[in-house]
Amino acid sequence: MCRPEGPLTIRRMSREELDTAVGWAAEEGWNPGVHDAGVFYRSYPDGFFAGTIDDEMVASVSLVDYPGDLRFGGFYIVRKDLRGSGIGRAILRFVLESSRERNLGADGVKAMLPTYLQYGFKFAHWNHRFQGWGGGERPDGLQPITELNLDQVVSYDQAIFSAPREAFLRYFTAQEDSVALASFRGGELAGYGVIRECGVAHKIGPLFAEDGRTAEKILRGLISKVPGERFFLDVPEPNVEGMAMAQDHHMEEVFTTARIYTKYAPNVPLGKVFGVTSFELG
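Cut-offs and rules
As a convention, each chain's residues are numbered from 1 in the sequence order in which they are written. Confidence filtering applies because this is a predicted model: local features only for residues at pLDDT of at least 70, side-chain atom pairs given and counted only at 80 or more, and all residues used for totals across whole chains, interfaces and linings. The basis for the side-chain values is all heavy atoms of the structure; hydrogens and waters are excluded. Residue types Ala, Val, Leu, Ile, Met, Phe, Trp, Tyr and Cys, when buried and joined through side-chain atoms within 4.5 Å, form a set referred to as a nonpolar core. The buried label goes to any residue with under 20% of its type's maximum accessible area, the exposed label to any with over 50%, and the partly exposed label to all in between, with areas taken from a 1.4 Å probe on protein chains only. Here a helix means four or more residues in a row that DSSP labels H or I, a strand means two or more in a row labelled E, and each is numbered from the N terminus. We call two residues in contact whenever any of their non-hydrogen atoms come within 4.5 Å of each other. For this analysis, a ring pair means two rings from Phe, Tyr or Trp (six-membered ring only for Trp) whose centres lie within 6.5 Å, classed as stacked if their planes differ by under 30 degrees, edge-to-face if by over 60, and tilted for the remaining angles. Ring-over charges, as used throughout, are those where CZ of Arg or NZ of Lys falls within 6 Å of the ring centre and within 35 degrees of the ring normal. Two N or O atoms count as a polar contact when they lie within 3.5 Å, although within protein this holds only if one can serve as hydrogen donor and the other as acceptor, and sequence-adjacent residues are included solely when both atoms are side-chain atoms. Surface patches are defined over residues having more than 30% relative accessible area and no salt bridge, joining like charges when they lie within 9 Å and nonpolar side chains (Val, Leu, Ile, Met, Phe, Trp, Tyr) when within 5 Å. Computed with the Shrake-Rupley method and a 1.4 Å probe, the accessible areas treat only the protein chains shown as cover for residues. A carboxyl oxygen of Asp or Glu within 4 Å of a side-chain nitrogen of Lys or Arg is what we treat as a salt bridge. All tallies of charge rest on Lys and Arg as positive and Asp and Glu as negative; His and the ends of each chain are not included. For charged residues, the charge sits on one atom: NZ in Lys, CZ in Arg, CG in Asp, CD in Glu. Take the residue count of a helix, subtract one, and multiply by 1.5 Å to get its expected span. Directions from the helix axis toward the C-beta atoms define the arc.

1. Points about the nonpolar core
The biggest cluster of nonpolar side chains holds 41 residues, and the ones touching the most others in it are Leu18, Phe40, Phe48, Tyr66, Val153, Phe168 and Tyr192. Element by element, the count of residues in this core is highest for helix H5 (residues 150–161), at six residues. In contact with Tyr192, not counting residues within four places along its chain, are Ile145, Val153, Tyr156, Asp157, Arg165, Leu169, Leu181, Ala182, Pro206, Leu207, Phe208 and Ile218. Ranked by size, the runner-up nonpolar core spans 21 residues in total, among them Ile204, Ala209, Ile218 and Ile223.

Next up, the structure:
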């Protein structure tokens, strides 16, 4: 691949360029979903940026704005053959300068945490990625989200995620090669979860629930759909029940990220977050 020459330009990505960024993420071992590019772009078409030289894409980053002051960043990648050339620092400066008025959140790998702290981010908590194997029987009392009024899911999700994301949930819960299940208690939604196919195995997320018992029920329903196949679940460390659930299912920890913010950690009830939605969108 030829090394491009000229000044770096940062602009919004095209839909096709997001496919490139997702491919880079897969090469980094981040294991995006097979339909993430389409779902993410339909949900947040203005949230993805390409670093280009002579209109050739050399870097990527996502900056998704939610109602209120929350912005979440991801897909921070420089093309492998151009690393060490200063492009990454330029992208990070763009991210920080364009986010001054917002509370920028991100998930960073452990090795990069000291760098992010130097740039003004504040550590919030660890997220632990666990690997398990699907199978078992689906418990009674779970309903496919596609059969529900989406407003119920949006309202429940907003109370936990801390910002509304109706368009994203509409596309994400109905995407191909996925299963989305909800659990009710006394006629009220008590939790929901999604499992989707990824480049390697499957990912569960979000997995939001009122308590560990409900989360366990939804988890069992989701993994019953992928018998004998591998899945991943990202659990925030402050969720003690979630960490215990991973151990009870004999899951193996394979990856850790640091949740960071530039201003403050939003008031998220992490005790109800048994599985993070994604490291790109929060």
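2. Let's talk about the packing of aromatic side chains
Scanning the model with the defined rule gives twelve aromatic pairs in all. Plain terms: the ring middles of Tyr41 and Phe48 are 6.3 Å apart, the flat faces sit at 25 degrees to each other, and that makes the pair stacked. Residue classification places Tyr41 among the buried positions, given a relative accessible area of 18%. Seen in terms of ring centroids, Tyr116 and Phe121 are 5.9 Å apart; in terms of plane orientation they differ by 70 degrees. Their pairing is edge-to-face. Taken as a pair, Tyr116 and Phe121 share a single burial class, namely buried. Members of the aromatic cluster, joined through ring pairs, are Phe40, Tyr41, Tyr44, Phe48, Tyr66, Phe75, Phe161, Phe168 and Phe172. Over the aromatic face of Trp126 sits the side chain of Lys110, whose NZ or CZ is 5.3 Å from the ring centroid.

3. A short note on the side chain of Asn31
Secondary-structure assignment places Asn31 in the loop between helix H1 (15–27) and helix H2 (36–43). A residue is classified by how much of its surface remains accessible, and Asn31, at 9% relative accessible area, is buried. Polar contacts involving the side chain of Asn31 include one to the main-chain amide nitrogen of Val200, which spans 2.7 Å. Each residue touching Asn31, except ones within four places of it in the same chain, is listed here: Ala25, Ala26, Cys198, Gly199, Val200, Lys203 and Phe232.

4. Focus: a negative patch on the surface
On the surface, Glu176, Asp177, Glu197 and Glu229 cluster together into a patch of negative charge. Mapped onto the elements, Glu176 comes out in the loop between helix H6 (166–172) and strand E8 (178–185).

5. Notes on the pattern of salt bridges
On inspection of all chains with the given rule, the structure shows 16 salt bridges. The network of salt bridges with shared partners includes Arg11, Glu17 and Asp55.

6. Focus: H1
Over its 13 residues, H1 extends 19 Å from the first C-alpha to the last, a length consistent with the 18 Å expected when each residue adds 1.5 Å. For H1, every residue scored as buried is listed here: Glu17, Leu18, Ala21, Val22, Trp24 and Ala25. Summarising the axial view, the buried residues of H1 lie within an arc of 155 degrees, below the 170-degree limit, and thus occupy one face. When the buried face of H1 is taken as reference, the exposed residues oriented beyond 90 degrees from it are Glu16 and Glu27. Residues of H1 that are buried make contact with strand E1 (8–12), H2, strand E2 (48–53), strand E3 (56–65) and strand E4 (70–78). One or two positions beyond H1, positive phi appears at Gly29, with a value near 85 degrees.

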